[in-house]
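Notes for the structure review
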Amino acid sequence: MKPGDKAPVFALPDQNGDVRTLDDLLAGGPVALFFYPAAFTPGCTKEACHFRDLAAEFAAAGVQRIGISRDAVEKQQRWTGEHNLDYPLLADVDGEVAEAYGVRRGLLAKVGMPTKRTTFAIRTDGTIAEVIASEVNMDVHADRALKALRAE
């Protein structure tokens, strides 16, 4: 996936079991969709909390934050509660959405890294404004997605 591509549509349950679709989310404004390997890991927690800490900036820009991983709904719900995450976390348990976005891992999936840490800044028309991929700089995902979508 690259800027200008159409974001693959999906329908997945959030941490409360409510099904969320990309179309419904985009109806509310642009979306910062971040894929992370696994809840409760240090890097993913740092990344998710940075998205949480920028809530006011995202709200001012009209941009929604959406996390997505292969974790089950129940695990997403526990992680949300433990870290006061104030946005939807989607459960892509079978990895089909990660596959559609090109972020599903092969061999590393067996050692607890089933998804590449990648963020897609998606415009309201469903096109990708920017793709942010970094396994080591956890803050760059929220920062760059916000910058890419702020002007939308």
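Below, the structure is looked at part by part. (Residues numbered from 1 in each chain as written. Predicted model: local features only at pLDDT ≥ 70, side-chain atom pairs only at ≥ 80, totals over all residues. Heavy atoms only, no water.)

This part is about the packing of helix α2 (residues 42-53) against helix α6 (residues 139-150). One way to put it is that α2 packs onto α6 with a least axis distance of 7 Å and a crossing angle of 35°. Here Lys46, Glu47, His50 and Phe51 of α2 lie close against α6, whose contacting residues are Asp139, His141, Ala142 and Asp143. Residue composition of the contact of α2 with α6, grouped by class: 2 nonpolar, 2 polar and 4 charged. (Axes fitted to C-alpha atoms, helices over the stretch in contact; angles between N-to-C directions. Helix = DSSP H or I, 4+ residues; strand = E, 2+ residues; numbered from the N terminus. Contact = heavy atoms within 4.5 Å. Nonpolar A, V, L, I, M, F, W, Y, C, P; charged D, E, K, R; others polar.)

With 12 residues, α2 should cover 16 Å at 1.5 Å per step; its first-to-last C-alpha distance of 16 Å lies within 8% of that length. Turning to α2, its buried residues number three or more, namely Gly43, Cys44, Thr45, Glu47, Ala48, Cys49, His50 and Phe51. Contact partners of the buried residues in α2: β3 (31-35), α3 (55-61), β4 (64-69), α4 (73-83), β6 (118-122) and α6. (Expected span 1.5 Å × (residues − 1). Buried < 20%, exposed > 50% of the residue type's maximum accessible area, 1.4 Å probe, protein only.)

Turning our attention to the pairing of β3. Here β3 lies mainly inside the structure; 5 of its 5 residues are buried. A two-sided burial pattern is seen for β3, the buried positions comprising Val31, Leu33 and Phe35 on one face and Ala32 and Phe34 on the other. Taken together, the 5 bridges between β3 and β6 define a ladder with antiparallel strand orientation. Residue Leu33 lies in a different strand from β6, and its bridge partner there is Phe120. (Pairing = 2+ DSSP bridges.)

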